[in-house]
Amino acid sequence: MMQPSNEPDSAVICGIGAALPPAIVSNTQLSAHLDTSDEWIRSRTGIAQRHIADIGSGTADLAVQAAEKVTGCAPVQALVLATTTPDRCCPAIATTVASRLGLGGVPAFDLAAGCTGFLYALATAAGFIAARVAEAVLVIGVDRLSTLPAPSDRRTVPLFGDGAGAMVLRRGQAWEDGALGPMVLGSDGTHADLIEAARPGTLRMQGADVFRHATARMSAASTQAVAAAGWRMEDIDRLVPHQANARITSFVARQLALPTDRQLHNIDTVGNTGAASLPLLLAQADGDGRLKAGHRLVLTAFGAGLTWGATTLTWPDLTC
Ligand code: COA
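Residues numbered from 1 in each chain as written. Predicted model: local features only at pLDDT ≥ 70, side-chain atom pairs only at ≥ 80, totals over all residues. Heavy atoms only, no water.

## As for the overall build of the protein chain
- From N to C terminus, the protein chain includes 9 helices and 13 strands.
- In summary, the protein chain has a C-alpha radius of gyration of 19 Å against a globular reference of 20 Å for 320 residues, a match within 12%.
- Taken over the C-alpha atoms alone, the protein chain extends approximately 70 × 45 × 40 Å along its principal axes.
- In the protein chain, which comprises 320 residues, the share counted as buried stands at 53%. (Helix = DSSP H or I, 4+ residues; strand = E, 2+ residues; numbered from the N terminus. Rg over C-alpha atoms; globule rule 2.2 N^0.38 Å. Buried < 20%, exposed > 50% of the residue type's maximum accessible area, 1.4 Å probe, protein only.)

Here is the structure:
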């Protein structure tokens, strides 16, 4: 008979997947109808292209495409979906996504925390596991951020792309590879006006201030998360930062004294995909070998709200 363990339960990653809309828009294509250039966008942001969803396909469609790659990893008993760009205000798109995935009446809801949404969703899913709501939780980060800027706004249009990432967390133990480390999360509503949109096409962003807050918050949150895990920053094999701007992520890496080869990025090909950014980056890096089982990671994000967060984990051998 199994002895009861004294260890509290942890949430352990057992699957990851992602989806991108097929249509790619390059900087050169953008500059055909916007007063900008490939050189300006690349040098200020690191972005060369982004994927844009067709008008006929919604946020829920992208979410389903990413989730279908992971729902076989474990019998999922809850869905937490992070997005700032749902297809509708009410009801949550998570219930539609759960039904389309055939999850059979599981609890499902949307969570809005800007580009930090995926980290908030991971913490929520870990709470569901700890509270015995579910043995395994599907976490989706999905956004169509390309819908937020006014089409003529050269300051914001080039930054954003569309995408989705999905992860399954299962009940496990803290010593296992894939177990989520302590989670650092925060917000500051006194700066809500720095990134604001009342509805699609109305985004206003104060880029320089966002840059300053993003670097400070992601660096501080990463430092706190690594310390809370009992690790040292020099033990980190991969910094996994929200892909907001290549200059922001390089700045954070420098502040944390992590060399360039320990930084994961994909902003050049996908732009800023909001709540999808972290799972999309993890899925791509796991697929192409930049991320290997046993790597120690710090994940960090920052977004509208303002919101920010970080956590640590040792990357597992994902056979699913
Ligand atoms: N092409 C050409 N010129 C552009 C441009 C574009 N796409 N976007 C802005 N400019 C111009 C501006 O109009 C401005 O010209 P002006 O001085 O004549 O008005 C000039 O470039 C400098 O603008 P500025 O906003 O100071 O540039 P920047 O170096 O701060 O870079 C961002 C702008 C948006 C790239 C940068 O501030 C940034 O990345 N901020 C963070 C954004 C972010 O990550 N948001 C999401 C957070 S989750």
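## Focus on the sheet that holds strand β12 (residues 296–303)
- Pairing is mixed in the open sheet, where 4 strands are placed in the order β8-β13-β12-β11. Two strands in the sheet have a free side with no partner beyond their single neighbour: β8 (184–187) and β11 (238–241). Taken over all neighbouring pairs, the strand axes of this sheet differ in orientation by 15° on average, direction set aside.
- Most of the contacts of helix α6 (residues 207–228) go to β12, to which it runs at about 145°, and overall it touches β8, β12 and β13 (307–314). (Pairing = 2+ DSSP bridges. Axes fitted to C-alpha atoms, helices over the stretch in contact; angles between N-to-C directions. Contact = heavy atoms within 4.5 Å.)

## A few points about the domain arrangement of the protein chain
- Looking at the protein chain, the domain boundaries give domain 1 (10–172) and domain 2 (184–314).
- Look at where the C-alpha atoms of domain 1 and domain 2 centre, and you get two points 15 Å apart.
- Contact residues are listed per partner, giving 44 residues for domain 1 and 41 residues for domain 2.
- Contact between domain 1 and domain 2 buries roughly 3,000 Å² in total, counting both sides, with carbon and sulfur atoms accounting for 69%.
- Sorting the residues of domain 1 by area buried against domain 2 places C115, L119 and L148 first, and these three jointly supply 20% of that buried surface.
- At the junction of domain 1 and domain 2, the tally comes to 0 salt bridges. (Domains from an automatic or database assignment. Buried area = accessible area lost by both parts, 1.4 Å probe. Salt bridge = Lys/Arg side-chain N within 4 Å of Asp/Glu carboxyl O.)

## Topic: the environment of R170
- Along the chain, the position of R170 falls in strand β7 (residues 162–173).
- With a relative accessible area of 27%, R170 lands in the partly exposed category.
- Counting along the chain gives 32 residues from R170 to L138, while the straight-line C-alpha distance between them is 9.0 Å.
- Discounting chain neighbours no more than four positions away, the residues touching R170 are S10, A11, V12, C14, I129, E135, A136 and E176.

## With respect to the site of the ligand
- Looking at the ligand, there are 23 residues lining it, with T36, R44, R154, G207 and N245 nearest.
- Here a nitrogen atom of the ligand and a side-chain polar atom of W40 are 3.4 Å apart.
- Relative to its unbound accessible area of 960 Å², the ligand is 75% covered by the protein chains.
- Elements represented by at least two residues in the shell around the ligand include exactly α2 (38–45), α6, α7 (246–255) and β12.
- For the shell around the ligand, the element with the highest residue contribution is α6, accounting for 4 residues.
- Its residues placed into classes, the shell around the ligand shows 11 nonpolar, 7 polar and 5 charged. (Near = heavy atom within 4 Å. Polar contact = N/O pair within 3.5 Å; in protein donor to acceptor, adjacent residues only side chain to side chain. Areas by Shrake-Rupley, 256 points an atom, 1.4 Å probe, with all protein chains shown as cover. Nonpolar A, V, L, I, M, F, W, Y, C, P; charged D, E, K, R; others polar.)

## Thoughts on the pattern of salt bridges
- In this structure the tally under the stated criterion is 14 salt bridges.
- R42 serves as the salt-bridge partner of D38, at 3.0 Å between the closest nitrogen and oxygen. Here the residue D38 and the residue R42 both occupy positions in helix α2, the gap between them amounting to 4 residues, near one helical turn.
- On the basis of relative accessibility, which here comes to 46%, the residue R42 falls in the partly exposed class.
- D235 is paired through a salt bridge with R232; the nearest N and O atoms lie 3.0 Å apart.
- Through salt bridges that share partners, D9, R132, E135 and R171 make up one connected network.

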